[in-house]
Amino acid sequence: MFKIQSDDQLLQFESASDDTLLSAALRAELAFPYECNSGGCGACKIEVLEGEVNNLWPDAPGLSDRERRKGRLLACQCKAQSDLRIKVINRAEGRALYPPARFSARVVGKRFLSEEMFELQLEAEQEVIFSPGQYFMVELPELGARAYSAANPVDGNRLTLIIKAVPGGKVSCALAHDRVETLQLDGPYGLSVLTTADEQQSVFIAGGSGIAPMLSMANTLISEGYEHPIKVFYGSRLKAELEMAESLFLSADNLKLINVLSNLDHNTRWQGKTGYLHDVIPIYLECFQNTEFYLCGPPPMISAVQKLLMIENGVPFESIHFDRFF
Ligand SMILES: Cc1cc2nc3c(=O)[nH]c(=O)nc-3n(C[C@H](O)[C@H](O)[C@H](O)COP(=O)(O)OP(=O)(O)OC[C@H]3O[C@@H](n4cnc5c(N)ncnc54)[C@H](O)[C@@H]3O)c2cc1C
Ligand code: FES
């Protein structure tokens, strides 16, 4: 175990040489800035003032070339090789409700929902603890670890993942096409979680595999008897994915699912809306205030919807919860 200390003395924790600095800090129940745990967002930037680290992904897109030249590193991509003194660049937004832990789970079911998207049903050796909206790192030996969001409400030792097989993607394609009986997981991670207090409605906006955490959150609300309106905007370029979404949400009178096909070709018969989510949302949403918004999907979709909500409709930042799928 190595001792890690921040220059302002606010963070002191221990990290094993096989753990990233970010995971070790969260396991110690400390508030550390992060979002994706995947090298994409740059929230976990640090500088190492004393000591040595092993950088797992030196070219990770979460850092600009300028930041790399200044010696900045990503805590989610660095493992300690000695005791360290570090400077944490950003401020932590909040503390995780549950510290992440490693565990293994058996694959007990797998079904394809479209030609690209599949559902994995897992049964863990222990209770799977998380807040709806959070994600787990799935590690395949030799290939690496990737983030996948829980798609089910909390359910004992059961965990459901919905994964899109990305063309040429190492982990997603191996999970889609190889025979995998047991998975190593680490989690939960993520600060974009279900929050209910004074809101008058909850709005979920998802693109592609971003549907996974929306299912976990919306189905949790429905099963707990939430009485305010629940609106789900789901965008995909595959009609089959929009149709399967209809069957994955629990039925409830207060749930409205608005499916949006992002590209309509001449061979597709489609009666519903087409285009970009940020163009369709204002058609169905008269009121943007007293609303909790949950966004999940590719980074350009999240940016376009954030602009619609914050700049064009004055939604406060605290009411927008998002996970970008890097
Ligand atoms: C918070 C979060 C939640 C997500 N939830 C889901 C989900 O529920 N369902 C879903 O289908 N997808 C989800 N994703 C996307 C998922 O994690 C993968 O990026 C996706 O499956 C592609 O992985 P791949 O190995 O198939 O593709 P590849 O192209 O082989 O891998 C690329 C991805 O791996 C990550 N990566 C980490 N370390 C390295 C490294 N050293 N070198 C290269 N790449 C690295 C990067 O994030 C990159 O985007 C989520 C992503 C994030 C950040
Ligand atoms: S949390 Fe490290 S880059 Fe996103």
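Just so you know, these numbers come straight off a predicted model, no measurement behind them. (Residues numbered from 1 in each chain as written. Chains lettered and ligands numbered in written order. Predicted model: local features only at pLDDT ≥ 70, side-chain atom pairs only at ≥ 80, totals over all residues. Heavy atoms only, no water.)

## Quick look at helix α7 (residues 299-311)
Then, number 1: Between the first and last C-alpha of α7 there are 17 Å, a value that for 13 residues agrees with the 18 Å anticipated at 1.5 Å per step.
Then, number 2: Among the residues of α7, Met301, Ile302, Val305, Gln306, Leu308 and Leu309 are the ones counted as buried. Projection of α7 onto a plane perpendicular to its axis shows the buried side chains occupying an angular sector of 160°, all on one side. The exposed set on the far side of α7, more than 90 degrees from its buried face, consists of Pro300 and Ile311. (Helix = DSSP H or I, 4+ residues; strand = E, 2+ residues; numbered from the N terminus. Expected span 1.5 Å × (residues − 1). Buried < 20%, exposed > 50% of the residue type's maximum accessible area, 1.4 Å probe, protein only. Arc of directions from axis to C-beta.)

## Details of helix α5 (residues 239-248)
Then, number 1: Of all the residues in α5, the buried ones are Glu241, Leu242, Met244, Ala245 and Leu248. Along the axis of α5, the buried residues cluster in a sector spanning 165°; they form a single face. Across from the buried face of α5, at angles greater than 90 degrees, the exposed residues are Glu246 and Ser247.
Then, number 2: Residues of α5 that are buried make contact with β8 (101-112), β9 (117-124), β12 (158-164), α4 (211-223), β15 (230-236) and β16 (255-261). (Contact = heavy atoms within 4.5 Å.)

## Here we look at the pairing of strand β13 (residues 182-189)
Then, number 1: Summarising burial for β13: 6 of the 8 residues are buried, a large majority.
Then, number 2: Inspection of the sheet shows β8 paired to β13 by 6 bridges, in the antiparallel sense. When the bridges of β13 are listed, serine 104 appears paired with glutamine 184.
Then, number 3: Alignment of strand β10 (residues 135-140) against β13, held across 4 bridges, turns out to be antiparallel. Across the sheet, residue glutamate 139 finds its bridge partner in β13, namely glutamine 184. (Pairing = 2+ DSSP bridges.)

## Quick notes on the pairing of strand β1 (residues 2-6)
Then, number 1: Sheet analysis places β1 next to strand β2 (residues 12-15), joined by 4 bridges and oriented antiparallel. Directly across from isoleucine 4, in β2, lies its bridge partner phenylalanine 13.
Then, number 2: Linking β1 back to β2 in an antiparallel pair, the connection comprises 5 residues, with glutamine 9 at a positive phi of about 70°.
Then, number 3: Sheet analysis places β1 next to strand β7 (residues 84-88), joined by 3 bridges and oriented parallel. Residue pairing across strands places glutamine 5 opposite arginine 85, the latter belonging to β7.

## Notes on the sheet that holds β1
Then, number 1: The 5 strands lie next to each other as β2-β1-β7-β3-β5, forming an open sheet whose pairing is mixed. What marks the edges here is a single partner per strand, and that holds for β2 and β5 (72-74). Between one strand and the next, the sheet's axes are offset by a mean angle of 40°, whatever the strand orientation.
Then, number 2: In terms of strand pairing, strand β3 (residues 45-50) meets β7 through 4 bridges, oriented antiparallel. The residue bridging glutamate 50 from the neighbouring strand is arginine 85, located in β7. (Axes fitted to C-alpha atoms, helices over the stretch in contact; angles between N-to-C directions.)

## Some words on a nonpolar patch on the surface
Then, number 1: On the surface, a cluster of nonpolar side chains totalling about 290 Å² of accessible area is made up of Leu97, Tyr98 and Ile129.
Then, number 2: For isoleucine 129, a relative accessible area of 41% gives the class partly exposed. (Patch = residues over 30% accessible without salt bridge, like charges linked within 9 Å, V, L, I, M, F, W, Y side chains within 5 Å. Areas by Shrake-Rupley, 256 points an atom, 1.4 Å probe, with all protein chains shown as cover. Salt bridge = Lys/Arg side-chain N within 4 Å of Asp/Glu carboxyl O.)

## So, the site of ligand 1
Then, number 1: Taken together, 21 residues form the shell around ligand 1, and within it Arg146, Ala147, Tyr148, Val171 and Ser172 come nearest.
Then, number 2: Between serine 38 and ligand 1, the recorded distance is 3.4 Å, taken from a backbone N or O atom to an oxygen atom.
Then, number 3: Between ligand 1 and the protein, one listed contact pairs an oxygen atom with a backbone N or O atom of serine 149 at 3.0 Å.
Then, number 4: No other element matches the 4 residues that strand β11 (residues 144-149) contributes to the shell around ligand 1.
Then, number 5: Classifying every residue of the shell around ligand 1 gives 12 nonpolar, 5 polar and 4 charged. (Near = heavy atom within 4 Å. Polar contact = N/O pair within 3.5 Å; in protein donor to acceptor, adjacent residues only side chain to side chain. Nonpolar A, V, L, I, M, F, W, Y, C, P; charged D, E, K, R; others polar.)

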